[in-house]
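# Overview (structure and organization)
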Amino acid sequence: MDSFRTAHLAFLTPEKQLAYYQNADRILPTNKIEAGNKKHLLIESPIDLSNYSFSFKDTIRTINDFINDTKAVGIIVLKNDSILFEKYIDIQPTSKWINFSVAKSVTSLLYGAAIQDGYIKSLDQKVTQFVHELKGSVYDSVSLENLLQMSSGVAWNDDPRNPESDLMKVGRLDSINAWPEIVNYLSQLKMAATPGTKFNYNTMETNLAAIALQRAVGKTLSQYLSEKIWKPFGMHSDANWIKSRSLSIELGGCCISATLRDHALLGLFAMNNGVDMNGKQVLEQSWMKRATTAARSNPGYGYYWWLGSTRRYFASGAFGQQIEIDPSQKAVIAIQSHWSTPYSNYYIGYIDAMIEAMMKRLKK
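Residues numbered from 1 in each chain as written. Predicted model: local features only at pLDDT ≥ 70, side-chain atom pairs only at ≥ 80, totals over all residues. Heavy atoms only, no water.

So, on to the nonpolar core. Grouped together as the largest cluster of nonpolar side chains are 133 residues, with contacts concentrated most on Leu9, Tyr111, Trp287 and Met354. Contact partners of Tyr111, with chain neighbours within four places excluded, come to Ile120, Leu123, Leu144, Leu148, Ala209, Ala212, Leu213 and Trp287. (Core = buried A, V, L, I, M, F, W, Y, C linked by side-chain atoms within 4.5 Å. Buried < 20%, exposed > 50% of the residue type's maximum accessible area, 1.4 Å probe, protein only. Contact = heavy atoms within 4.5 Å.)

Shown next, in the form of structure tokens:
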């Protein structure tokens, strides 16, 4: 599998998606995220969804319709520490399913921890204070906050299905000792807008955010995640985080493989404002409020978290990965899927309709 690259995950058949998405550590370089001995207690309190239905595209749908139509392999609904619904298709509860860009929201959580720990003083600090190799480039004027809000202003095409996009060109450079080539590529990029004013989704810059974070804390992101969240919040299983061959650190924008329950627990941790099982404040106290406040450049985006039309917010990953959080109801819905395409307005609309109806059902 030495020739297999993370970018290749976007071009798999449905059969290979099923095989590869739950075996990332066997096909790509990863770091382990270690769980602790103490597990977060989740109480199984199933609710009756036999009469649960919702309308989508002028058709009445059930939860089983949703699962079948959107190629879901796992869905779980939590309310506080209670599991109200949990179902698996083609995977096991112990399967570690890759989450793609949901990892961005995890990187955001780690920034909140790094600020709490004093490793990062302010999000106003410039990227090149940490990634000094890019000094003299457009990144001299880009702040950490600009990275977290996807508003660096740097011209960039992030289309994973376009082989000539910036994302795919840099992805093809992902080999050992390729960092100087990547630096050279990034150093030649131009400014398209004033930093902080225009939203432009940029996965490469989440890797710059990872480099800055790793250099600030002096640990791998996997080790820091294990120490700050995975162990103290009682995740049930070890997880894996794909590493960049060229950077030899975890991808800040992609690819943590974890069980469905542990993905739901990440949502619960965020919803609980970053407090661990012992009541310790892991994240800077106002972090989740800041992280889920609309950016000036995009009313639907915070610090690597997507914002709903209500007080809900969510982490989203390609091919149908999602962690939806509703603080007003203390509810979390986590979904793992293998769509046939990275993004689909049809599937996104389907998820939104299902979640909206589920949240109304939980109010009863």
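Here the focus is unusual backbone geometry. In this structure, Lys57 takes a positive phi of about 55° despite not being glycine. Among the secondary structure elements, Lys57 is positioned in the loop between β3 (54–56) and β4 (59–61). Residue Lys57 is classed as exposed on the basis of its relative accessible area of 54%. (Helix = DSSP H or I, 4+ residues; strand = E, 2+ residues; numbered from the N terminus.)

On to the sheet that holds strand β1 (residues 30–33), then. The 4 strands lie next to each other as β1-β8-β9-β7, forming an open sheet whose pairing is antiparallel. The open sheet is flanked by β1 and β7 (97–98), the only strands paired with a single partner. In the sheet, β7 pairs with strand β9 (residues 256–258) via 2 bridges, with the strands oriented antiparallel. If you follow Trp97 over to β9, its bridge partner there is Ala258. (Pairing = 2+ DSSP bridges.)

A few words on the packing of helix α7 (residues 179–187) against helix α8 (residues 203–217). Where α7 contacts α8, the axes come no closer than 13 Å and their chain directions differ by 120°. Taken together, α7 and α8 sit at an angle that is classed as oblique. In this structure, the crossing between α7 and α8 has a hand that is left-handed. For the pair α7 and α8, contact is made by Trp179, Ile182 and Leu186 and by Met204, Leu208, Ile211 and Arg215, respectively. By residue class, the composition of the contact of α7 with α8 is 6 nonpolar, no polar and 1 charged. (Axes fitted to C-alpha atoms, helices over the stretch in contact; angles between N-to-C directions. Parallel < 35°, antiparallel > 145°, perpendicular 65-115°, else oblique. Left-handed = near helix turned anticlockwise from the far one by under 90°. Nonpolar A, V, L, I, M, F, W, Y, C, P; charged D, E, K, R; others polar.)

We now examine the state of the cysteines. This structure, assessed with the given rule, holds 1 disulfide. A disulfide bridge connects Cys254 with Cys255, and the sulfur atoms are separated by 1.8 Å. Taken individually, Cys254 and Cys255 each receive the classification buried, so the pair is uniform in this respect. (Disulfide = S-S within 2.5 Å.)

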